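Survey of secondary and tertiary structure
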2 protein chains.
Amino acid sequence: MLARDLAEAFPVVGLDDDALDAVRLLASGRLPGIVVANAQGRPQAILPGSQVLRFVLPLYVQEDPSLARVYDEEHADRIASRLAGRPVRDVLPRSDQELAVVDEDATAVEVAAVMARLRSPPVVVQGGAGILGVVTAAHLLEHLVPPP
Amino acid sequence: MLARDLAEAFPVVGLDDDALDAVRLLASGRLPGIVVANAQGRPQAILPGSQVLRFVLPLYVQEDPSLARVYDEEHADRIASRLAGRPVRDVLPRSDQELAVVDEDATAVEVAAVMARLRSPPVVVQGGAGILGVVTAAHLLEHLVPPP
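What you are looking at is a predicted structure, and each value in this text was computed from that prediction instead of being measured.

1. Topic: the confidence of the model for chain A
Of the residues in chain A, 97% reach a pLDDT of 70 or more, and the chain-wide mean stands at 88. Model confidence for the complex is summarised by a pTM of 0.88, with the ipTM given as 0.87.

If you want it as structure tokens, here you go:
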């Protein structure tokens, strides 16, 4: 089985799309993250939900979780306001981490090797026509470790 | 909203449970990982799908993805055989990383702070009676960044 057969549809957003819309897409689709493409339609980054939280929560709350209780739920509206009007590119981690991308004709074991090395599900599947979707660890394990 | 209200049911396995069964549970439930409890029913670890792949793939395949093509799909049966008869404890990462656990009466912002700091969804919710479930980043963002 090849990466193109393992790929599942996954929403893709652009670097200049609205960050608040992207986060709502992630939340409503119950996704672990969202794929960000550059202007050429190539995968640029995967934006995980935990990175969104790093962006929206004040640093003092992240560094001392006991202060999180002080920053109580009445401030939750401020969380959305930190995303409003910002492009997706502003929310991305400043990271040089290699992006988990495979070609559409990579084998299941090749996809698994990339996922294991980068500890990164999902892996983005790139075809000639653009981003085909992503492969999650669970879907890959379903194929590699089939039911008895 | 408190952690107990945000927690979603999630399968829990024991350290001595069969690793192959645990991985099949993860795969069939399309879960990002699985919660591992110790003999006292307290959360011991979260086993992510990518860690399972690190365990089952030979090291040379992980270090050089181009060798993954050589290790072709006929060897996929060996992947399941590496898990067979092993307890879950053998598959866990050798890691001192702090486990993402919150008390059932933690606020949503407290859960978010733990998730952001440890870059770890899901976060395990611990109650007096044991593990209540997990909070995912998407579910938390659904609450913190509600639809317009």
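Further notes follow.
2. Observations regarding the interface of chain B and chain A
On the side of chain A, 55 residues touch chain B, which itself brings 55 residues to the contact. Overall, the association of chain B and chain A removes approximately 4,500 Å² of surface from exposure, summing both partners, and the carbon and sulfur fraction of that is 64%. Along the contact surface separating chain B from chain A lie 6 salt bridges. Here Arg30 of chain B ties to Glu8 of chain A by a salt bridge, and the two come within 2.8 Å at their closest N and O atoms. Seen at the junction of chain B and chain A, the total is 14 residue pairs in polar contact (both at pLDDT 80 or more). Elements supplying a minimum of two residues to the side of chain B that touches chain A: helix H2 (19-28), helix H3 (49-56), helix H4 (59-63), helix H5 (65-68), helix H6 (76-81), helix H8 (108-118) and helix H9 (137-144) of chain B.

3. Points about the sheet that holds strand E2 (residues 33-37) of chain A
Residue and element names in this part refer to chain A. In spatial order, the strands read E1-E2-E3; together these 3 strands make up an open sheet with mixed pairing. Lying at the two open borders of the sheet, with one neighbouring strand each, are strand E1 (12-14) and strand E3 (43-48). When the angles between neighbouring strand axes are averaged without regard to direction, this sheet yields 35°. Bridge count between E1 and E2: 3 bridges; the pairing is parallel. Of the residues in E2, the one forming a bridge with Val13 is Val36. With respect to the sheet, helix H2 (residues 19-28) is in contact with E1, E2 and E3, its orientation differing from that of E2 by roughly 140°. The sheet strands contacting helix H3 (residues 49-56) are E2 and E3, and the helix crosses E3 at an angle near 75°.

Conventions used here
Residues numbered from 1 in each chain as written. Chains lettered and ligands numbered in written order. Predicted model: local features only at pLDDT ≥ 70, side-chain atom pairs only at ≥ 80, totals over all residues. Heavy atoms only, no water. pLDDT = per-residue confidence, 0-100. Contact = heavy atoms within 4.5 Å. Buried area = accessible area lost by both parts, 1.4 Å probe. Salt bridge = Lys/Arg side-chain N within 4 Å of Asp/Glu carboxyl O. Polar contact = N/O pair within 3.5 Å; in protein donor to acceptor, adjacent residues only side chain to side chain. Helix = DSSP H or I, 4+ residues; strand = E, 2+ residues; numbered from the N terminus. Pairing = 2+ DSSP bridges. Axes fitted to C-alpha atoms, helices over the stretch in contact; angles between N-to-C directions.

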